[in-house]
Amino acid sequence: MITITDRAKQLIAEILQSGRISNGKYVREFEQRFAELIGREFAVAVSSGTDAIALALSVLYDYGAQRGDEIIVPALSFVSTGNAVLQAGFTPVFVDIERETLNINPALIETSITGKTRAILPVHLMGKPANMFAIWDIAAPLGLTVIEDAAEAYGARYDGRLTGRWGGMATFSTYIAHVISTGEGGVVVTDNPRYAEILRSLRSHGRACVCESCLLNSASGYCPKRFIDGQDIRFVHERIGFSAKMNELEAAIGLGTLDIFLDILTKRQFNLRYLREKFHQFSDRLVTIEPEVLETTGPHAFPIIVQEEAGFTRDELALYLEQNGIETRSLFASMPTQCTGFKFLGYQLGDFPEAEYIGNNGFHVGVHQDLTTEHLDYFIETVEKFLSCKV
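Residues numbered from 1 in each chain as written. Predicted model: local features only at pLDDT ≥ 70, side-chain atom pairs only at ≥ 80, totals over all residues. Heavy atoms only, no water.

Novice: I would appreciate a short explanation of the sheet that holds strand 16 (residues 329-330) in the present structure.
Specialist: Backbone hydrogen bonds are what pair the strands of a sheet, in a parallel or an antiparallel way. The sheet built from 4 strands is open, its strands ordered 13-15-18-16 with antiparallel pairing. The open sheet has two edge strands with one neighbour each: strand 13 (286-287) and strand 16. When strand 15 (residues 301-306) meets strand 18 (residues 362-366), the two strands line up antiparallel, connected through 5 bridges. Note that in strand 18 the partner of Ile 304 across the bridge is Phe 363. Packing against the sheet, helix 9 (residues 261-279) makes contact with strand 13, strand 15 and strand 18, and its axis sits at approximately 25 degrees to strand 15. Contacts from helix 10 (residues 314-323) reach strand 13, strand 15, strand 16 and strand 18, with the element oriented near 20 degrees to strand 18. (Pairing = 2+ DSSP bridges. Helix = DSSP H or I, 4+ residues; strand = E, 2+ residues; numbered from the N terminus. Contact = heavy atoms within 4.5 Å. Axes fitted to C-alpha atoms, helices over the stretch in contact; angles between N-to-C directions.)

This is the structure in structure tokens:
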């Protein structure tokens, strides 16, 4: 659920009046404020969270990676994670998850690493931080890059540090379902100025013009860097790139949500805690993920897993909730074995039992800022009614 503020509406009107709607000064402002919020030096705004992952991975080509090299990825995630690896020209190597965390199982990573492995891409699924200490213990001695998929992890912390601050790069989605939203969009954050330059190039067809604040996009003034050696730098393309720029209208919406970020985050955190506390009564048949000592869960949504001996299926419960006016969403699937698009990679059903279990037995409901305690109580009461008929 997206909140479009009055300020965002005002900015949109000003942008439309100006006629300059492509990537420009408002995108720059959004990037600067986003970087400050996460605590990174640079943020590069792009057109989606999927593009954010693909561009972050594509940075590796400037450091010697080759097409077809391998990226370690959890088997369970929204399909965009796996899609982005392939779109960037890499081969995803899937690793099963821990059922209780929904995140990649660090104990299974090392056996999946080969001489072609270039990075580990942990996903903080449903806002629960992956075990970053264990992941870095594997990655650092081998010189592997760690890139976080933090699309669902706004406000999450691991050992006191925000998710998005653990990897050499981290990616976020600003789709309408997220705490910070631009309608459609994504962001890559990093502390490495060279990474940031390459990312700016990649989002614009690999072009050579990579200034952090590009006069050619944000103003009509003179730029002394435009013509070099008889070439217009805007049409010099140094690498294979993407068309993945955020526009000014999207940035305006994002600036509005940044203004009220803490309000949105606080309300979502309350809703998540409220549901978690109420849900413990169902733990013999339904469970959710629980925060661990070192972590704070980001309030993306409320995941629910049907236990093996529950006496009913995920689909039966989800259908009952939908019939009573409560929207539900799948808790995703095992990409390599339950998403047919990945069939060509050769994995077989049963290769990732934990991810496959969640794919068959998990779903989630919202905790967004427009939900009141009345809505949450109605959800709990509806689950109670369903379970009372399944004794």
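Novice: Sorry if this is basic, but what is going on with the pattern of salt bridges here?
Specialist: One side chain can pair with another of opposite charge once the charged atoms of both are near each other. Going through the model one piece at a time under the given rule, you end up with 17 salt bridges. Among the ionic pairs, Arg 33 bridges to Asp 259, the shortest N-O distance being 2.9 Å. Here Arg 33 is found in helix 2 (residues 25-38), whereas its partner Asp 259 is found in helix 8 (residues 248-259), with 226 residues between them in sequence. Under the relative-accessibility criterion, Arg 33 is labelled partly exposed at 24%. (Salt bridge = Lys/Arg side-chain N within 4 Å of Asp/Glu carboxyl O. Buried < 20%, exposed > 50% of the residue type's maximum accessible area, 1.4 Å probe, protein only.)

Novice: Just to check I follow, could you spell out the packing of helix 2 against helix 8 for this structure?
Specialist: For any two helices packed against each other, the geometry is given by the interaxial angle and the distance between the axes. Helix 8 packs onto helix 2 with a crossing angle of 35 degrees between their chain directions and a minimal axis gap of 8 Å. Relative to helix 8, the crossing made by helix 2 is left-handed. Residues Lys 25, Tyr 26, Val 27, Glu 29, Phe 30, Arg 33, Phe 34 and Leu 37 of helix 2 lie in contact with helix 8, whose contacting residues are Glu 248, Ala 251, Gly 254, Leu 255, Leu 258 and Asp 259. (Left-handed = near helix turned anticlockwise from the far one by under 90°.)

Novice: Would you explain the sheet that holds strand 8 (residues 161-162) in this entry?
Specialist: In spatial order, the strands read 8-7-14; together these 3 strands make up an open sheet with antiparallel pairing. Each end of this open sheet is capped by a strand with a single partner; those strands are strand 8 and strand 14 (295-296). Alignment of strand 7 (residues 157-158) against strand 14, held across 2 bridges, turns out to be antiparallel. The residue bridging Arg 157 from the neighbouring strand is Thr 296, located in strand 14.

Novice: Would you take a moment to explain the pairing of strand 2 (residues 70-74) for this structure?
Specialist: In the case of a regular strand, side chains alternate between the two sheet surfaces. Where burial is concerned, most of strand 2 is hidden: 5 out of the 5 residues are buried. Both faces of strand 2 are covered, namely the face carrying Glu 70, Ile 72 and Pro 74 and the face carrying Ile 71 and Val 73. In this structure, strand 2 lies alongside strand 4 (residues 91-95), joined through 5 bridges in parallel fashion. Paired with Glu 70 across the two strands is Thr 91, which belongs to strand 4.

Novice: Please clarify how the side chain of Glu 356 should be interpreted in this entry.
Specialist: On the secondary structure map, Glu 356 appears in helix 12 (residues 353-361). In this structure, Glu 356 is buried with no salt-bridge partner, the nearest side chain bearing the opposite charge being Arg 99 at 9.7 Å. If sequence neighbours within four positions are ignored, Glu 356 has contacts with Ser 334, Thr 337, Gln 338, Gln 348, Leu 349, Gly 350 and Asp 351. (Lys, Arg positive; Asp, Glu negative; His and termini not counted.)

Novice: Just to check I follow, could you spell out the environment of Leu 199 for this structure?
Specialist: Structurally, Leu 199 can be placed in helix 6 (residues 193-202). In this structure the C-alpha to C-alpha distance between Leu 199 and Ile 4, which are 195 residues apart in sequence, comes to 28 Å. Residue contacts for Leu 199: discarding those within four places in its chain leaves Val 44, Leu 55, Ala 56, Val 59, Met 169 and Val 188.

Novice: Please clarify how the pairing of strand 5 (residues 117-120) should be interpreted in this entry.
Specialist: Where strand 2 and strand 5 come together, 3 bridges link them in parallel fashion. Within strand 5, the position partnered with Glu 70 by the bridge is Thr 117. Of the pairings in the sheet, the one linking strand 5 to strand 6 (residues 145-149) comprises 2 bridges and is parallel in character. Bridging from a neighbouring strand, Ile 120 pairs with Val 146 of strand 6.

Novice: Help me understand the environment of Glu 148, please; the structure alone is not making it clear to me.
Specialist: Mapped onto the elements, Glu 148 comes out in strand 6. Residue classification places Glu 148 among the buried positions, given a relative accessible area of 0%. Note: C-alpha distance between Glu 148 and Phe 34 (114 residues apart in sequence) is 16 Å. Ignoring anything within four residues of it in the chain, the contact list for Glu 148 reads Leu 121, Pro 122, His 124, Met 132, Thr 163, Gly 164, Arg 165, Trp 166, Gly 167, Met 169, Ala 170 and Thr 171. Polar contacts involving the side chain of Glu 148 include one to the main-chain amide nitrogen of Arg 165, which spans 3.4 Å. Within the local environment of Glu 148, its side chain forms a polar contact with the backbone nitrogen of Gly 167, the two atoms lying 2.7 Å apart. (Polar contact = N/O pair within 3.5 Å; in protein donor to acceptor, adjacent residues only side chain to side chain.)

Novice: How should I be thinking about the packing of aromatic side chains in this particular structure?
Specialist: Geometrically, a pair of aromatic rings is defined through the distance of the ring centres and the angle of the planes. Counted according to the given criterion, the structure contains 19 aromatic pairs. Judged by centre distance (5.1 Å) and plane angle (85 degrees), the rings of Phe 279 and Phe 282 are edge-to-face. Phe 282 shares its class with Phe 279; the two are buried. Ring centres of Phe 279 and Phe 302 lie 5.1 Å apart, and the angle between their planes is 80 degrees; on these two criteria the pair is classed as edge-to-face. Of the two residues, Phe 279 is situated in helix 9 and Phe 302 in strand 15; the sequence distance between them amounts to 23 residues. Judged by its relative accessible area of 2%, Phe 279 is buried. An aromatic cluster is defined as three or more aromatic residues linked by ring pairs; in this entry it consists of Phe 30, Phe 34, Tyr 154 and Phe 172. Residue placement shows Arg 99 over the ring face of Tyr 357; its charged tip is 3.8 Å from the ring centre. The cationic tip of Arg 161 hangs over the ring face of Trp 166; the distance from NZ or CZ to the ring centre is 3.9 Å. (Phe/Tyr/Trp six-rings, centres within 6.5 Å; stacked < 30°, edge-to-face > 60°. Lys NZ or Arg CZ within 6 Å of the ring centre and 35° of its normal.)

Novice: Even after reading the chapter, I still don't get helix 2, so can you show me in this structure?
Specialist: Three or four residues apart is the spacing at which side chains of an α-helix point the same way, because the helix has 3.6 residues per turn. Between its first and last C-alpha, helix 2 extends 20 Å over 14 residues, near the 20 Å set by a 1.5 Å rise per residue. The first or second residue beyond helix 2 is Gly 39, which carries a positive phi of 90 degrees. (Expected span 1.5 Å × (residues − 1).)

Without other data, these values stay purely geometric and don't point to any function.
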